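# Observations on chain architecture
Take a look at the letters that make up each chain.
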Amino acid sequence: MMKVILLKELRGKGGEGDVISVNDGFANNFLLRQGYAIKATKGNLKQLEERRHNIAKREEARVADANAIASKLNDATVKIVAQVGEEGQLFGSVGTVQIAEAIQEQLGVEVDRRRIELGKPIKQVGTYPVAVSIYREIKGTVSVNVDGEFVGDAEMDSESVETVEEVAADIEAADEAVEAAGEAEAAAEAAVAADAEAEQA
């Protein structure tokens, strides 16, 4: 096991400034490489203590922001229109990408689609409560109203539907790669800034 200091939130483990123990492989292959953490060496732990006050202030702001977002989601309903057949069955499905886009466009709240706890994609019209993990243990639940747009005699065979879903999956994978790269770069910049701050102190 290896002790590391988190530079930002790691879902289910902790947030900035938390010292946690994880498997060596997980630490070396992901946390350190992706900029989520640094090793809990004596020098880094000393710097951490010197930065505790600033970390606490940032944490307080994050929690306040997360609670505000949760309150906004809890009172809201977003509408998504999808093409349906005669029995209300969707052509394809509504997933986390569409829900995240609807939340941003209709509520002005940006959420990471990976934090939307949908379970299975929505394939029927109706209203669904969908939980969103915002920060640490703070969650909000938004109502997602999927409304059907009847397409008449238009037909989509199962092979066409699968092709559309495969393309969507490829786009999502590409987005994840870009997001991961951005997060790693941001975390690295934060670590450099934190070190500079500690030196000035």
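Residues numbered from 1 in each chain as written. Predicted model: local features only at pLDDT ≥ 70, side-chain atom pairs only at ≥ 80, totals over all residues. Heavy atoms only, no water.

## Topic: the overall build of the protein chain
Just so we agree on the cut-off: Secondary structure elements are defined from DSSP: runs of H or I of at least 4 residues count as helices, runs of E of at least 2 residues count as strands, and each element is numbered from the N terminus. A 1.4 Å probe rolled over the protein chains alone gives each residue an accessible area, and that area as a share of the maximum for its type sets the label: buried under 20%, exposed over 50%, partly exposed in between.
Each helix and strand counted, the protein chain has 5 helices and 9 strands in total. Each helix and strand of the protein chain, ordered N terminal to C terminal, gives the series β-β-α-β-α-α-β-β-α-β-β-β-β-α. A total of 201 residues make up the protein chain; the buried ones form 34% of that total.

## Comments concerning the nonpolar core
Looking at soluble globular proteins, one finds that nonpolar side chains tend to be buried together. Operational definition: As used here, the term nonpolar core means buried Ala, Val, Leu, Ile, Met, Phe, Trp, Tyr and Cys residues forming a set that is joined through side-chain atoms within 4.5 Å. Only heavy atoms matter for contacts: two residues are in contact if any of them lie within 4.5 Å across the pair.
Ranked by internal contacts, the top residues of the largest apolar core, which has 28 residues, are Val-94, Ile-99, Ile-103, Leu-107, Ile-116, Val-142 and Val-144. Those elements giving two or more residues to this core turn out to be helix H3 (52-74), strand E4 (77-84), strand E5 (89-94), helix H4 (96-107), strand E8 (126-135) and strand E9 (138-150). Ranked by the residues each element gives to this core, the list is headed by H4, at 5 residues. When residues no more than four places from it in sequence are discounted, the contact partners of Val-94 are Ile-80, Ala-82, Ile-99, Leu-118, Pro-121, Ile-122 and Val-146.

## Considering the sheet that holds strand E3 (residues 37-39)
As a reminder of what qualifies: At least two bridges found by DSSP between two strands are what make those strands a pair. The axes used here are C-alpha line fits, helices contributing only the stretch in contact, and every angle between their N-to-C directions lies in the interval 0 to 180 degrees.
The antiparallel open sheet is built from 3 strands, whose spatial order is E2-E1-E3. Edge positions in the sheet fall to strand E2 (19-22) and E3, since each of these pairs with one other strand and no more. Taking the axes of each pair of neighbouring strands and ignoring which way they run, one obtains an average angle of 40° across the sheet. As paired elements, strand E1 (residues 2-6) and E3 share 3 bridges and run antiparallel to each other. In the strand pairing of E3, Val-4 is matched with Lys-39. Those strands touched by helix H1 (residues 24-31) are E1, E2 and E3, and its axis lies near 35° from that of E1. Here helix H2 (residues 42-50) sits on the sheet and contacts E1, E2 and E3; the angle it forms with E1, its principal contact strand, is near 30°.

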